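Coordinate analysis (summary)
Single-letter residue listing:
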Amino acid sequence: MVSEPISVIKVRNVLLVSMPADPDDSTVAALQDRTLDAMSKHDVRGLVLDLSKVEILDSYFARTVAETAQMVGLMGGETIIAGMRPSVAITATELGVTLGKTRTAMTVENALDLAGQAERKVKARR
Amino acid sequence: MNEGSQGEVKIQTEADIAVARRAVRDVASKIGFGVTEIARIVTAASELGRNVHKYAGSGVMRWNALSNGTSSGLELRFEDQGPGIADVNEALREGHTTGGGLGMGLPGAKRLMDEMEIASEVGKGTTVTVRKWRRR
């Protein structure tokens, strides 16, 4: 059985990357490549990583998310993690997983609003 | 589901870790565990399955639906014929790793489950058994 693929789309000025419910290792590994590749191809300010479908975040998946956010940061973008389920947040914390200083939002909508606010602040400063 | 029902998943490739997770999710939900308990059990299975793949190359996960009359639960046993663990206490210490990971696999899985037993012999292999009981 092959796990569902990652979806990558451009929404307004950010890249919206949605992870499937239970991605296998190769799908998790593809997160990094596909995100960084899309970041460099599209004119976007950052990344909203939609985890609302995700049912399990083990240490490998969490490390890949944290590393991806760090790499996006090096490229000049910001990452907002959105929609983590309560059961996943509880389990990941008990496991000992941390996602560094990555920003978070309850929903993808909130994350897109946050990204939009950051954009307006930048424009106001110009 | 029948009491004492059981099964196994061979772990030979990275993709099998996800196969093992799905099998554990199915059986845990049939036993009647709640959403968060299922997430705990599946996450522990993922860490332990990954250890088998990473350290031994291959092995097997056996699951066993438990019933002791008053409560039901799930037992998972991860068996491999890998290099074994020289110091089990050290392996259970937070942040200890010999495999280049974060060292949260064994201690993390222990926290997520109710019981854990490790039997290991250097050069022969390792068996990690974990159990979760349904709260009522």
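Residues numbered from 1 in each chain as written. Chains lettered and ligands numbered in written order. Predicted model: local features only at pLDDT ≥ 70, side-chain atom pairs only at ≥ 80, totals over all residues. Heavy atoms only, no water.

**Considering the interface of chain B and chain A**
Keep this limit in mind: Two residues qualify as a contact provided that any one of their heavy atoms is within 4.5 Å of a heavy atom in the partner residue. Buried area is calculated as the accessible area (1.4 Å probe) missing from two parts once they are joined, with the contributions of both summed. Put simply, a salt bridge is a Lys or Arg side-chain nitrogen that is within 4 Å of an Asp or Glu carboxyl oxygen. A 3.5 Å cut-off defines polar contacts: any pair of N or O atoms within that distance qualifies, except that in protein one atom must be a possible hydrogen donor and the other a possible acceptor, and neighbouring residues in sequence count only when both atoms are side-chain atoms. By the criteria applied, helices consist of DSSP H or I runs no shorter than four residues and strands consist of E runs no shorter than two, each listed in order from the N terminus. Classification used: nonpolar for Ala, Val, Leu, Ile, Met, Phe, Trp, Tyr, Cys and Pro, charged for Asp, Glu, Lys and Arg, polar for all others including Gly.
Listed as interface residues are 23 residues of chain B and, on the opposing side, 20 residues of chain A. Taken together, both faces of the contact between chain B and chain A bury some 2,000 Å²; the carbon and sulfur share is 51%. One can count 6 salt bridges joining chain B with chain A. The tally of links from chain B across to chain A stands at 10 residue pairs in polar contact (both at pLDDT 80 or more). Looking at the side of chain B that touches chain A, the elements with two or more residues in it are helix H1 (14-31), helix H2 (35-56) and helix H4 (105-112) of chain B. If you tally residues by element for the side of chain B that touches chain A, the top one is H2 of chain B, at 9 residues. Among the residues forming the side of chain B that touches chain A, the class breakdown is 9 nonpolar, 6 polar and 8 charged.

**Some thoughts on the side chain of Thr43 of chain B**
Here is the rule we go by: The cut-offs for exposure are 20% and 50% of the maximum accessible area for each residue type, with area from a 1.4 Å probe on protein chains only; residues under the lower value are buried, those over the upper are exposed, and the others partly exposed.
Looking at the element boundaries, Thr43 of chain B is found in helix H2. A relative accessible area of 1% means that Thr43 of chain B is categorised as buried. Setting aside residues no more than four positions away along its own chain, Thr43 of chain B makes contact with Ile56, Leu57, Asp58, Thr91 and Leu95 of chain A together with Leu112 of chain B.

**Description of the packing of H1 of chain B against H2 of chain B**
All names here are of chain B. Defined as follows: To define axes, lines are fitted to C-alpha atoms, for helices over the stretch in contact only, and angles between the resulting N-to-C directions are given on a 0 to 180 degree scale. Should an angle fall under 35 degrees it is taken as roughly parallel, and over 145 as roughly antiparallel, whereas 65 to 115 is taken as roughly perpendicular and any remaining angle as oblique. By definition, any crossing whose near helix is turned counterclockwise from its far helix by less than a right angle is left-handed, and any crossing with a clockwise turn is right-handed.
It is the contact of H1 with H2, at a shortest axis distance of 9 Å, that shows an interaxial angle of 150 degrees. Relative to H2, the element H1 is oriented roughly antiparallel. Remark: the crossing between H1 and H2 carries right-handed chirality. Within the contact between the two elements, H1 uses Glu14, Ile17, Arg21, Val24, Arg25, Ala28 and Ser29 and H2 uses Ile38, Ile41, Val42, Ala45, Ser46, Gly49, Arg50 and His53. Of the residues belonging to the contact of H1 with H2, the class tally is 7 nonpolar, 4 polar and 4 charged.

**Quick look at the sheet that holds strand E4 (residues 78-82) of chain A**
Residues and elements named next belong to chain A. Which entries qualify depends on this criterion: Paired strands are those between which DSSP finds at least two bridges.
One open sheet holds the 5 strands; their spatial order is E1-E2-E3-E4-E5, and the pairing between them is mixed. The open sheet has two edge strands with one neighbour each: strand E1 (7-11) and strand E5 (103-105). Mean inter-strand twist for the sheet, computed between neighbouring axes without regard to direction, equals 25 degrees. The sheet contact formed by E1 and strand E2 (residues 14-18) spans 5 bridges and is antiparallel. By the bridge assignment, Val11 is partnered in E2 with Val14. Contacts from helix H1 (residues 25-41) reach E1, E2 and strand E3 (46-50) within the one sheet, and its direction differs from that of E2 by about 160 degrees.

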